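This is what each chain is made of:
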Amino acid sequence: MLYGEEHVQRYQQTDGREGHDWNNTTVLLLTTKGRNSGRPYTTPLIYQRHGDDHVVVASKGGDPDHPQWYKNLLADPEVEVQVKGEKFRARAHTAGPEERPELWRLMNGTWPDYDGYQQKTDREIPVVVLETVR
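As the structure is a computational prediction, the values presented were derived from the model and not from experiment.

A. Representation of helix α1 (residues 4-13). Considered for burial, the residues of α1 that qualify are H7, V8 and Y11. All buried residues of α1 fall inside an arc of 100° around its axis, so they share one side. Residue D15 follows α1 closely and has a positive phi angle near 50°.

B. Local environment of the environment of V127. If you trace the backbone, V127 turns up in strand β8 (residues 127-132). Judged by relative accessible area, V127 falls into the buried class, the value being 0%. Linking V127 and Y70, residues 57 residues apart in sequence, is a C-alpha distance of 10.0 Å. Aside from chain neighbours lying at most four places away, what touches V127 is V55, V56, H93, T94, A95, R100, L103 and W104.

C. Quick look at the packing of helix α3 (residues 100-110) against helix α4 (residues 113-120). Closest axis-to-axis distance for the α3/α4 pair is 8 Å, and the angle between their directions is 120°. When the axes of α3 and α4 are compared, the pair comes out oblique. Residues R100, W104, M107 and N108 of α3 pack against D113, Y114, D115 and Q118 of α4. Looking at side-chain class alone, the contact of α3 with α4 contains three nonpolar, two polar and three charged residues.

D. Looking closely at the pattern of salt bridges. Considering all chains together, one arrives at seven salt bridges under this definition. Put simply, E6 and R10 hold a salt bridge, and the shortest N to O gap is 3.4 Å. With E6 and R10 both in helix α1, this residue pair falls four residues apart, about one helical turn. Take E6: its relative accessible area is 41%, and that puts it in the partly exposed class. Residue R91 is joined to E78 by a salt bridge in which the shortest nitrogen-to-oxygen separation is 2.3 Å.

E. Fine view of the nonpolar core. Within the largest apolar cluster, 18 residues are counted, with the highest numbers of intra-cluster contacts made by I46 and Y114. Every element with two or more residues in this core is listed here: α1, β2 (25-33), β5 (53-57), α3, α4 and β8. Per-element tally for this core: the top contributor is α3, with three residues. Once you skip the residues sitting within four places of it in the chain, I46 turns out to touch W22, T25, T26, V27, V55, V56, M107, T110, W111 and Y114. Ranked by size, the runner-up nonpolar core spans 17 residues in total, among them L45, Y47, Y70 and V128.

F. Spotlight on the pairing of β8. The pairing of β5 with β8 spans four bridges and is antiparallel. Residue pairing for β8: V56 is matched across the bridge by V128. Across five bridges, the pairing between strand β7 (residues 86-94) and β8 is antiparallel. Considered in β8, the bridge of A90 is made with T132.

What counts as what
- Residues numbered from 1 in each chain as written.
- Predicted model: local features only at pLDDT ≥ 70, side-chain atom pairs only at ≥ 80, totals over all residues.
- Heavy atoms only, no water.
- Buried < 20%, exposed > 50% of the residue type's maximum accessible area, 1.4 Å probe, protein only.
- Helix = DSSP H or I, 4+ residues; strand = E, 2+ residues; numbered from the N terminus.
- Arc of directions from axis to C-beta.
- Contact = heavy atoms within 4.5 Å.
- Axes fitted to C-alpha atoms, helices over the stretch in contact; angles between N-to-C directions.
- Parallel < 35°, antiparallel > 145°, perpendicular 65-115°, else oblique.
- Nonpolar A, V, L, I, M, F, W, Y, C, P; charged D, E, K, R; others polar.
- Salt bridge = Lys/Arg side-chain N within 4 Å of Asp/Glu carboxyl O.
- Core = buried A, V, L, I, M, F, W, Y, C linked by side-chain atoms within 4.5 Å.
- Pairing = 2+ DSSP bridges.

Rendered as structure tokens:
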């Protein structure tokens, strides 16, 4: 099973032929700019489409702290996304109270562990919307 940096490399090398379909769900690559270093960081994340947008979850397995990629996009919401062979720029935002319930159900439908992750932590796990920049 692909994981971490190996997942990123195989996905990039094969335009997602390896790595997009993963554990009965789908994965995109999200590249954020390091909030301290300014360097690009690429992370494989489970995603779903919601209209024209892509949705991801900053779960970190229910850890009490947010994942680094989420902290990076809070500092700079301009990100790069790769879905299979398609690469595009996007603007990220955390789903607000009006949109979060629907998007949480969408994401939990593709990865039911998210509910368990939420039970493990006191923080509200962010749902992130990636809006394509045209």
